[in-house]
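Spelled out from the first residue to the last, the chains are:
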Amino acid sequence: MKLTEQQWQQRLTDEQYRVTRLKGTEYPFTGQLLHHTADGTYHCICCGAVLFASDTKFDAGCGWPSFYQALEGRVKYHTDTSHGMQRTEILCSNCDAHLGHVFEDGPAPTGQRYCVNSVSLRFQHATKA
């Protein structure tokens, strides 16, 4: 999904734009989805692509929603050397929205912690069968 910067600014709130398009970070322990525990899926706020399933979410105590696994092919990875650190940035595979970072200190079965900005996500409740 390709939009101009002006189109993104019109589509997103100021904070959503700052985080997803300018690679910002929301303040820790402030995101609406941090303690969210309902069953469903987490989607990219920019394009709506589904990124994470609720059954992979866990409380890492880091201040941001954390998942131990992304849905296959939905997230892409980029080396981030900003702020004097070496990290792996995670981006939406569909629209390149900045989501957060992934670290190698998560729980089994993957050992990964996808540390995601709440403002970059939209939650959708699971449908009842």
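Residue positions are counted from 1 within each chain, in the order its sequence is given. For this predicted model, a pLDDT threshold of at least 70 governs which residues receive local features, and a threshold of 80 or more governs which side-chain atom pairs are given and counted, while totals over whole chains, interfaces and linings are taken from all residues. To obtain the side-chain values, all non-hydrogen atoms of the structure were used and water was disregarded.

Moving on, we come to the sheet that holds strand 1 (residues 40-44). Strands are treated as partners if at least two bridges between them are detected by DSSP. Strands are runs of DSSP state E lasting at least two residues, helices are runs of H or I lasting at least four, and both sets are numbered from the N terminus onward. Reading across from one edge, 2-1-9 is the order of the three strands in this open sheet, with antiparallel pairing throughout. Of all strands in the sheet, those with a lone pairing partner are strand 2 (50-53) and strand 9 (121-125), marking the two edges. Strand-to-strand twist in this sheet, taken as the mean axis angle between neighbours without regard to direction, amounts to 30°. Note on method: axes are straight lines fitted to C-alpha atoms, helices fitted across the in-contact stretch only, with angles between N-to-C directions ranging 0 to 180 degrees.

With respect to the helices and strands, the residue H98 is situated in strand 7 (residues 98-103). Note on H98: relative accessible area 2%, which makes it buried. Beyond its immediate stretch of four places on either side in the chain, H98 contacts V19, T20, K23, G24, E89, I90, L91, N117 and S120. A simple rule labels every residue: compare its accessible area, found with a 1.4 Å probe on the protein chains alone, to the largest value its type can have, and call it buried under 20%, exposed over 50%, or partly exposed in between. In what follows, a contact means two residues having at least one pair of non-hydrogen atoms within 4.5 Å.

Glancing now at the sheet that holds strand 3 (residues 57-58). Pairing within the open sheet is antiparallel, and its six strands lie in the order 3-4-8-7-6-5. Across the chains shown, the open sheet's two edge strands, defined by having one partner strand only, are strand 3 and strand 5 (75-80). Relative to strand 4 (residues 66-67), strand 3 runs antiparallel, the two sharing two bridges. Bridged to K57 within strand 4 is F67.

Okay, the packing of aromatic side chains next. Stacked, tilted and edge-to-face are the three classes applied to pairs of Phe, Tyr and Trp rings, where Trp contributes its six-membered ring and a pair requires centres within 6.5 Å; stacked means planes under 30 degrees apart, edge-to-face means over 60, and tilted covers the rest. Per the stated rule, a full pass over the model turns up five aromatic pairs. Ring geometry for F52 versus Y114: centroids 5.8 Å apart, planes at 65°, classification edge-to-face. Taken together, the residues span a long stretch of sequence, with F52 in strand 2 and Y114 in strand 8 (residues 113-116) at a distance of 62 residues. Assigned by exposure class, F52 and Y114 land together as buried. Within the aromatic cluster, the residues linked to one another by ring pairs are Y42, F52, F67, Y77, Y114 and F123. A cation sits over an aromatic face here: R21 above W8, 4.0 Å from the ring centre. Think of it as a cone above the ring: NZ of Lys or CZ of Arg counts as a charge over the ring if it is within 6 Å of the ring centre and within 35 degrees of the ring normal.

On their own, these measurements won't tell you what the molecule is for.
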